[in-house]
Amino acid sequence: MYISQNYYSLFPQLQKIVRLYQEVEEITSNVKNLFSAKCPEGCGQCCNTACNNIEASIVEMLPLCIHLYEQNTYLMWLDKTNQNLCPFYETERTNHRIGCCAVYEYRPLVCRLFGFTFMTHKFGAIVPVACTTLQKQYSAKKEIIAMYSSNLPHISSISMQSMMIDSVRGNRYPINEAFQKAIEYVVLKMRFSNYDEDLNNIA
Ligand code: SF4
Ligand code: SF4
């Protein structure tokens, strides 16, 4: 994921969410290595679900929206937000993409955490937050969960870190709605900043 630091002053939350995504990358890589857990090549079944099941916030969508604004492709993606699937879900895998996500490098937080983080079950056990495919991989290594239980990353505490970046724009919505709100925020901010620049140039 590449985001120019030039945007950090315009979007005060950006640097923090980029840093959190870098940390999450490291955390989930450690889990993958510890358990030798891996999604089957080309699988994207977890994305093939109603938008209500995948929640994101404006803050979590910022890197993606800035990227799409730079590419000037955001209108094409907005057109896809009326369907009840994530607008970025692709049913067919293409050569240059991982899984079925058209924006994999810029995907929001929940897509980075699902499969490779844990939660505390109501009876106190630490369980993976994962699909049945990955659950089977973790089940085969229950002893590792027991051994590292106090150090395994919890999805709720990482999600909370994201929400604390911005108390208003940290609220979560179904992913298509979150994208609509986030792109609106980005476009308005970008346009007003260009307007301010024009005024400064005239002055
Ligand atoms: S988390 Fe599960 S469903 Fe999603 S891509 Fe990985 S293996 Fe497939
Ligand atoms: S953004 Fe990508 S990874 Fe996340 S739900 Fe949509 S298609 Fe799946």
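Structure: see above.
The paragraphs below set out a description of the structure included in this document. Remember, it's a predicted structure, so these values are computed and weren't measured experimentally. (Residues numbered from 1 in each chain as written. Chains lettered and ligands numbered in written order. Predicted model: local features only at pLDDT ≥ 70, side-chain atom pairs only at ≥ 80, totals over all residues.)

1. Focus on the overall build of the chain
Point 1. In terms of regular secondary structure, the chain is built from eight helices and four strands.
Point 2. Tracing the chain from N to C terminus, the helices and strands come up as α-β-α-α-α-β-β-α-α-α-β-α.
Point 3. Against the globule reference of 17 Å for 203 residues, the chain gives a C-alpha radius of gyration of 18 Å, in line with a compact fold.
Point 4. Its C-alpha atoms give the chain principal-axis dimensions of about 70 × 35 × 30 Å. (Helix = DSSP H or I, 4+ residues; strand = E, 2+ residues; numbered from the N terminus. Rg over C-alpha atoms; globule rule 2.2 N^0.38 Å.)

2. A short note on helix α1 (residues 14-35)
Point 1. Spanning 22 residues, α1 covers 32 Å between terminal C-alpha atoms, matching the ideal 32 Å at 1.5 Å per step.
Point 2. Remark: Ser36 follows α1 within two positions and exhibits a positive phi of approximately 50°. (Expected span 1.5 Å × (residues − 1).)

3. Structural notes on helix α2 (residues 58-71)
Point 1. When the terminal C-alpha atoms of α2 are compared, their 19 Å separation across 14 residues agrees well with the 20 Å that a helix rising 1.5 Å per residue should span.
Point 2. If you look at α2, its biggest bend is around 35°, right at Leu64.
Point 3. Where burial is concerned, most of α2 is hidden: ten out of the 14 residues are buried.
Point 4. Residues Ile58, Val59, Glu60, Met61, Leu62, Pro63, Leu64, Cys65, Ile66 and Leu68 constitute the buried set of α2.
Point 5. Remark: Asn72 follows α2 within two positions and exhibits a positive phi of approximately 60°. (Bend = angle between axes of the 7 residues up to and from the residue. Buried ≥ 20, exposed ≤ 12 C-beta atoms within 10 Å, placed from the backbone.)

4. Re unusual backbone geometry
Point 1. Phi is positive for Ser36, which is not a glycine, with a value near 50°.
Point 2. One can find Ser36 in the loop between α1 and β1 (55-57).
Point 3. Notably, Asn72 is not glycine yet its phi reads approximately 60°, a positive angle.
Point 4. Note that Asn72 resides in the loop between α2 and α3 (74-78).

5. Observations concerning the site of ligand 2
Point 1. Near ligand 2, the surroundings consist of Cys47, Ile54, Cys86, Phe88, Tyr89, Cys101, Val103, Arg107, Cys111 and Ile175.
Point 2. For the shell around ligand 2, the residue count by class is nine nonpolar, no polar and one charged. (Near = placed C-beta within 6 Å. Nonpolar A, V, L, I, M, F, W, Y, C, P; charged D, E, K, R; others polar.)

6. Quick look at the site of ligand 1
Point 1. In the vicinity of ligand 1, twelve residues are found, and the nearest of them are Cys39, Cys43, Cys46, Gly115 and Cys131.
Point 2. Residues belonging to the shell around ligand 1 are distributed by class as follows: seven nonpolar, five polar and no charged.

7. Description of the nonpolar core
Point 1. Met61, Leu62, Cys65, Cys86, Ile175, Ala178 and Ala182 are the most contacted members of the largest nonpolar core, which totals 39 residues.
Point 2. When contributions to this core are tallied by element, the ones reaching two or more residues are α1, α2, α3, α4 (109-113) and α8 (175-202).
Point 3. Of all the elements, α2 adds the most residues to this core, at eight residues.
Point 4. Every residue in contact with Ala178, bar those within four places of it in the chain, is listed here: Ala56, Ser57, Ile58, Met61, Arg172 and Tyr173. (Core = buried A, V, L, I, M, F, W, Y, C linked by C-beta atoms within 7 Å. Contact = placed C-beta atoms within 7 Å.)

8. As for the environment of Leu62
Point 1. By the secondary structure assignment, Leu62 is in helix α2.
Point 2. C-alpha of Leu62 to C-alpha of Ser4: the two residues are 58 residues apart in sequence and 12 Å apart in space.
Point 3. Residues within four places of Leu62 in sequence aside, it is in contact with Phe11, Gln13, Leu14, Ile17, Ala182 and Val186.

Everything listed here is a matter of coordinates, which is why it stays silent on function.
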